[in-house]
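# A look at the structure
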Protein chains: 2
Amino acid sequence: MTRKVSLKDIAAAVGVSTALVSYVLNNKKEGRINKVVAEKIRSTALAMNYRTNQIAKSLKTNRTHTIGLILADISNPFSAALARVIEDEADKHHYTVIFGSSDENPEKYRKILDALVNRQADGLILSPPEHAEPQITDLQQQQIPFVLIDRYFPGMETNYIVLDNYKAAFEVTQHLIDCGHKRIGMINYASSLFHLTERTRGYLAALTKNKIPFIPDYLQQVNVTDLKADTEKAVHNLLQHSAPAAAILFGSNVIAMHAVKYINQQQYIIPDNVALACFDETDAFDLFYAPLTCIKQPIREMGQLAVKMLLENIEHNNTPLKQITLDGELMVRASTRMSDV
Amino acid sequence: MTRKVSLKDIAAAVGVSTALVSYVLNNKKEGRINKVVAEKIRSTALAMNYRTNQIAKSLKTNRTHTIGLILADISNPFSAALARVIEDEADKHHYTVIFGSSDENPEKYRKILDALVNRQADGLILSPPEHAEPQITDLQQQQIPFVLIDRYFPGMETNYIVLDNYKAAFEVTQHLIDCGHKRIGMINYASSLFHLTERTRGYLAALTKNKIPFIPDYLQQVNVTDLKADTEKAVHNLLQHSAPAAAILFGSNVIAMHAVKYINQQQYIIPDNVALACFDETDAFDLFYAPLTCIKQPIREMGQLAVKMLLENIEHNNTPLKQITLDGELMVRASTRMSDV
DNA sequence: CTGAAAGCGCTTACAG
DNA sequence: CTGAAAGCGCTTACAG
């Protein structure tokens, strides 16, 4: 490998000190430098195809201009969309993104986090899995700026930006009730993550509010590790119940996708046999004969605010914590449209 | 910010040199170090919650263990899936991924590339946009290891791993012909990118092979910048033609998505009114009444091979160029299923 | 078995 | 207006 050209090479070529080259190339001490010399430095840098070694610069300045991003799974449309927004926003501020997917696995999450911290990311945007509290505490102790996105731990004092999942779940359940349904099932993840339990809580609250007795069988839990099979079983349990569910709310678009495929296979007609609704928008449903009513998350806003909050924390030491809860948008579509009875 | 603990701190605490600490923590000079001392170093490092500063290490070793990845758009399912595979494979080898989306914009691509190179990525996996040849030449001159993925420039001697787009397009067109169609349209990007022109070439070759005269109106071009409108116009041109197309091949899943939505809106029945096929698989079609026949790309294999090739190039200086062309898989589905006439 | 020392490529207070 | 020098936190050949 031909050695890369360094400040020293330029300095030697021009006949000045590396300090001067550094000043010029970084536009420090504007005007206080001889224009002719400055110009000569600039042109030689260009001619020699100089590229600053960010690693060296980072070591000295203690800034990498890098944001670490951990999401559940970058190939999931929700994560991918979020990643894209974050990338764009980071780029605007001349930050680059390093990322990793946790697969909701605490151990994997811990390892990725370690890698990002060791690489001296200036700050982190995290969508933590269950049991990630110790790592959060760690970051706090090390005083590494971070903001949680999509989820947070209610007991912990951190920056976060999340959906009002309780409210969203309440609204969509209320919508199902308004459609005339009483036997409303929910399929959600078996998880202690707050954003998910909030969804269940919202569902239950809407039932209570409307004086609809809750039937435990109607709340079905599924595991991420075995999602397809679990979901199919859950759908089966709901629809083959002695008092079959007339409507189902899914805790995420991924659950919904598995469920709808199965429901379709079983030849149920939506919404006539069963009305459906879910969290998160996906274009996967756009072409379906009964596009799913869903809670649309403000992904763009979430991502942009997350980056903004993070950069504030990176740039100012004592930024107060910010905890933002955004409203989802109920998108009513054909899967809950009342037939004209 | 409480200063981070460094090798020096550990050395001071234990009462040895930083050199020794470094050796122990990196498992260098195994066995040639006093076990008691080594153990003491390890335990103090743990107690002090030491984390190596990768930036400093990188500056010295000239290795960042980072892979730079540039794709068209991380939020596109094809890119996202590829990114995920690459992340997993990189992780296996203890590499971290920095990424950026080019949006098929050469200028944006150049800027991202610059950022990744300046950050001293050990190597790059690139899906270059049009007119990226100068940047390729640049990388070659700087002897930065890289492999192209999904696309390449036939005139340039680089590592690459791509689909056999000509063959795939030929096959899927032949399939449409075998279904009894003669009036076959194609909607492809107006682009000089080789992988796209190959798709057109394969389409044309299949027509010729089957002695079907090519009607210029049947080949419609669309621009990424105005994709939705262009695609709708293209579909309109094909289906409102004096001799309307009976089948359409789409150059990508994104084009297909726009087209199918529009075709659906216009109440055409698939495949009876028009048969459809496209490149790339998407689960967006899984729930559609006529899932699209498509060419499935071996994404997993592509990503894994790309990382493998790249790491070989990073680790060994004179690795010979490798140029891999993989076959796609024709997935025949309802959008081209012959009705039982 | 261990340490002193140089150096990776930058930045920046300080001196002149 | 410019430069000598220290130092960021590591690694590693060399010496003992």
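This is a predicted model, so every value here is computed, not measured.

Here we come to the pairing of strand 3 (residues 123-126) of chain B. Residues and elements named next belong to chain B. What you see with strand 3 is no split at all: Gly123 and Ile125 on one side and Leu124 and Leu126 on the other are buried throughout. Where strand 3 meets strand 4 (residues 146-149), 3 bridges bridge the pair, whose relative direction is parallel. When the sheet's bridge partners are listed, Leu124 is paired in strand 4 with Phe146. For the crossover from strand 3 across helix 7 (residues 133-141) to strand 4, the handedness is right-handed.

This part is about the interface of chain B and chain A. At the junction of the two partners, chain B supplies 56 residues and chain A supplies 56 residues. The salt bridge involving B:Arg84 is made with A:Asp73; its shortest N-O contact spans 2.7 Å. In this structure, the connection of chain B to chain A is made through 24 residue pairs in polar contact (both at pLDDT 80 or more). Looking at the side of chain B that touches chain A, the elements with two or more residues in it are helix 4 (54-61), helix 5 (77-92), strand 2 (96-101), helix 6 (106-118), helix 7 and helix 11 (253-265) of chain B. Tallied by class, residues from the side of chain B that touches chain A come to 21 nonpolar, 21 polar and 14 charged. Bridge analysis of strand 2 (residues 96-101) of chain A against strand 2 of chain B gives 3 bridges, and the strand direction is antiparallel. Within the sheet, the bridge partner assigned to A:Val97 lies in strand 2 of chain B and is B:Phe99.

Attention now moves to the packing of aromatic side chains. Any two aromatic rings considered together are summarised by their centre-to-centre distance and by the angle between their planes. All chains considered together, the criterion is met by 11 aromatic pairs over all chains. Aromatic pair A:Tyr152 and A:Phe194: ring centres 5.2 Å apart, planes at 75 degrees, arrangement edge-to-face. Linking A:Tyr152 in the loop between strand 4 (146-149) and strand 5 (160-163) with A:Phe194 in helix 9 (residues 194-209), this pair joins segments that are 42 residues apart in sequence. The exposure class assigned to A:Phe194 is partly exposed, which follows from its relative accessible area of 22%. On the basis of an interplanar angle of 45 degrees and a centroid distance of 6.3 Å, the ring pair of B:Tyr166 and B:Phe170 is categorised as tilted. Of this pair, B:Tyr166 and B:Phe170 both sit in helix 8 (residues 165-178), 4 residues apart, which is roughly one turn of the helix. Owing to a relative accessible area of 24%, B:Tyr166 belongs among the partly exposed residues under this scheme. A relative accessible area of 18% places B:Phe170 in the buried class. The rings of A:Tyr152, A:Tyr160 and A:Phe194 are connected pair by pair, giving a single aromatic cluster. Seen from the ring of A:Tyr166, A:Arg201 lies directly overhead, with NZ or CZ sitting 4.0 Å from the centre.

After a rotation of 180 degrees and a shift along the axis of 0.0 Å, chain B superposes on chain A with an RMSD of 0.0 Å. Classification of the inter-copy transformation places it as that of a two-fold axis. The C-alpha atom lying nearest the rotation axis in chain B is that of B:Ala284; the distance is 1.9 Å. Taken as a fraction of all interface residues of chain B, those also at the interface in chain A reach 100%, which identifies the copy contact as same-surface.

What counts and what doesn't
- Residues numbered from 1 in each chain as written.
- Chains lettered and ligands numbered in written order.
- Predicted model: local features only at pLDDT ≥ 70, side-chain atom pairs only at ≥ 80, totals over all residues.
- Heavy atoms only, no water.
- Buried < 20%, exposed > 50% of the residue type's maximum accessible area, 1.4 Å probe, protein only.
- Helix = DSSP H or I, 4+ residues; strand = E, 2+ residues; numbered from the N terminus.
- Pairing = 2+ DSSP bridges.
- Right-handed = clockwise from strand over helix to strand, strands pointing away.
- Contact = heavy atoms within 4.5 Å.
- Salt bridge = Lys/Arg side-chain N within 4 Å of Asp/Glu carboxyl O.
- Polar contact = N/O pair within 3.5 Å; in protein donor to acceptor, adjacent residues only side chain to side chain.
- Nonpolar A, V, L, I, M, F, W, Y, C, P; charged D, E, K, R; others polar.
- Phe/Tyr/Trp six-rings, centres within 6.5 Å; stacked < 30°, edge-to-face > 60°.
- Lys NZ or Arg CZ within 6 Å of the ring centre and 35° of its normal.
- Least-squares fit on C-alpha atoms with pLDDT ≥ 70 in both.

Just distances and angles here, no functional claims.
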